[in-house]
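Next come the chains, spelled out residue by residue.
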Amino acid sequence: MNKNYDYVLVGAGFYCSIIAERIANDLGKKVLIVEKRNHIGGNCFSETNIETGIEFHKYGTHIFHTSNKKVWEYISNFTTFNSYYHQVLITYNSKVYQMPINLETINSFYNINLKPFEVDDFLEQEFKKESYTNPKNFEEQAINIIGRPLYDAFIKGYTIKQWGRDPKDLPASIIKRLPFRKNYSESYFFDTYQGIPTDGFTAIFDKLLASNNIDIQLNTDFFEIKEQLNSSATIIYSGSIDRLLDYRFGELDYRTLDFEFEVVNYEDFQGTSVMNYGNQKIPYTRIHEPKHLHPERTYNLDKTLIIKEYSKEANREEPYYPIGGEVNKSLYTKYLKEVKKVYPNLIIGGRLGDYKYYDMHHVIENALDTYNNLIKKGC
Ligand SMILES: Cc1cc2nc3c(=O)[nH]c(=O)nc-3n(C[C@H](O)[C@H](O)[C@H](O)COP(=O)(O)OP(=O)(O)OC[C@H]3O[C@@H](n4cnc5c(N)ncnc54)[C@H](O)[C@@H]3O)c2cc1C
């Protein structure tokens, strides 16, 4: 290993790839990226299924969306986006409904024909049957917003599968604002810009990391090479914060996902990119059908790729979603304090480093801010 890098970046997801791009192209300095997986792109990695030629997102469907002009202008240097517009559907008791819950969901579920201005009065009748003055948990809070029947159908089973916990054991604060619409709007996001990269996500990373100033070492765990690095190098770390200190205060809680890939003999299996499943007895939370992410592409096949998603507790190898809550929050703060003492030359960030769920546009913004405010100024 060449020891003479001024900057060593851990992880080839958006956080480190963008900082690497800026250091290499704006500062003109050499950087090393170490990535423990066998590919760049982090959780946004996309690849092609050999049997069908369909491009898919290995770690779950990713839709780019932002209203941040700075982020949009930056990322548009590396890709164009197609016109994909995200909509989510949910199957409950073998019938398909729109999500988040909107007027179509309510009318179809109750087999009625409400107008938007009649929704409040209708739900008022539901609240008379069950509502809570001081909601103590997620379930009571959700029932206060949409009533028991809609909660049981569309929120309860899905939440239990997704978080592995009874909503009665989750804090009410998680859903202060349950997405819920009294009109027929079916767009999942309301951002100014959205779409899927025309050539896929991995092509963005190929361009971000194309500079000769960037060396990438795949299949390499940072902790296995850390002692060989130049001791004055600035480390930019986007792995788990608890791993950085060898879990000395205990482990932060995460959920992770398992994906089951299958090629089925239909031109179109479910007519949409993501179908949620509300019934608790169906073990998967969602089925992804990635061909729908690229309506501009012609696949010409009587086969399609489907991916079933299962949620489970994370092991140390594959943490995905931070679970949060007060205990995890204070554990994270304890780690952060200690990291600053133990690693004075280290910048930590990204979804694992900050122990926070971030959408891609948040991570891109954070990475650009880190570069502009810390690295470029030599802090
Ligand atoms: C299922 C799912 C769906 C999502 N859908 C969307 C969506 O639709 N829209 C959206 O905007 N966002 C979505 N996101 C969020 C998006 O994935 C993240 O915002 C983004 O990936 C975060 O980038 P990052 O660089 O922080 O982390 P990551 O992409 O996770 O990159 C971190 C990298 O660090 C590597 N690493 C960790 N530890 C080490 C180590 N010790 N040594 C070497 N390498 C290491 C990891 O292997 C990983 O490649 C989704 C996330 C998930 C889990």
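For the structure itself, look to the data block above.
All of the points below concern the structure found in this document. These figures come from a predicted structure and were not determined experimentally.

1. Side note on the state of the cysteines
Applying the stated criterion across every chain yields a total of zero disulfides. Take Cys-16: it sits in no disulfide, and the sulfur closest to it among the cysteines is that of Cys-44, at 13 Å.

2. Observations regarding the site of the ligand
Neighbouring the ligand are 32 residues, the closest being Glu-35, His-62, Arg-351, Tyr-358 and Met-360. Within the contact set of the ligand, a nitrogen atom lies 3.1 Å away from a backbone nitrogen or oxygen of Lys-36. Within the complex, the protein chains bury 96% of what would otherwise be the 1,000 Å² of accessible surface of the ligand. Going through the elements one at a time, helix H1 (14–27), helix H8 (222–225), helix H11 (350–353) and helix H12 (360–375) are the ones with two or more residues in the shell around the ligand. Residues belonging to the shell around the ligand are distributed by class as follows: 16 nonpolar, 10 polar and six charged.

3. Examining helix H4 (residues 119–129)
Among the residues of H4, those classed as buried are Val-119, Phe-122, Leu-123, Glu-126 and Phe-127. The buried residues of H4 occupy an angular sector of 145 degrees when projected down its axis, which confines them to one face. Turned more than 90 degrees away from the buried face of H4, the exposed residues are Asp-121 and Lys-128. Against helix H3 (103–110), helix H5 (138–146) and helix H6 (148–163) lie the buried residues of H4.

4. Re the pairing of strand S14 (residues 304–313)
Burial analysis of S14 places seven of its 10 residues in the buried class, which makes it a mostly covered element. Bridging between strand S11 (residues 254–264) and S14 involves 10 bridges; their strand directions are antiparallel. Bridging across to S14, Thr-256 finds its partner in Lys-312. Examined bridge by bridge, strand S13 (residues 286–288) and S14 share three bridges and lie antiparallel to one another. Counterpart to Ile-287 in the pairing with S14 is Lys-308.

5. Some points on the packing of aromatic side chains
Two aromatic rings, taken as a pair, are described by how far apart their centres are and by the angle between their planes. What the rule picks out here adds up to 26 aromatic pairs. Judged by centre distance (6.0 Å) and plane angle (90 degrees), the ring pair of Tyr-284 and Tyr-310 falls under edge-to-face. Linking Tyr-284 in the loop between strand S12 (274–277) and S13 with Tyr-310 in strand S14, this pair joins segments that are 26 residues apart in sequence. When its relative accessible area of 16% is taken as the criterion, Tyr-284 is described as buried. Ring pairs connect the aromatic residues Tyr-92, Tyr-97, Phe-109, Tyr-110, Phe-122 and Phe-154, which therefore count as one cluster.

Thresholds, definitions, all that
- Residues numbered from 1 in each chain as written.
- Predicted model: local features only at pLDDT ≥ 70, side-chain atom pairs only at ≥ 80, totals over all residues.
- Heavy atoms only, no water.
- Disulfide = S-S within 2.5 Å.
- Near = heavy atom within 4 Å.
- Polar contact = N/O pair within 3.5 Å; in protein donor to acceptor, adjacent residues only side chain to side chain.
- Areas by Shrake-Rupley, 256 points an atom, 1.4 Å probe, with all protein chains shown as cover.
- Helix = DSSP H or I, 4+ residues; strand = E, 2+ residues; numbered from the N terminus.
- Nonpolar A, V, L, I, M, F, W, Y, C, P; charged D, E, K, R; others polar.
- Buried < 20%, exposed > 50% of the residue type's maximum accessible area, 1.4 Å probe, protein only.
- Arc of directions from axis to C-beta.
- Contact = heavy atoms within 4.5 Å.
- Pairing = 2+ DSSP bridges.
- Phe/Tyr/Trp six-rings, centres within 6.5 Å; stacked < 30°, edge-to-face > 60°.

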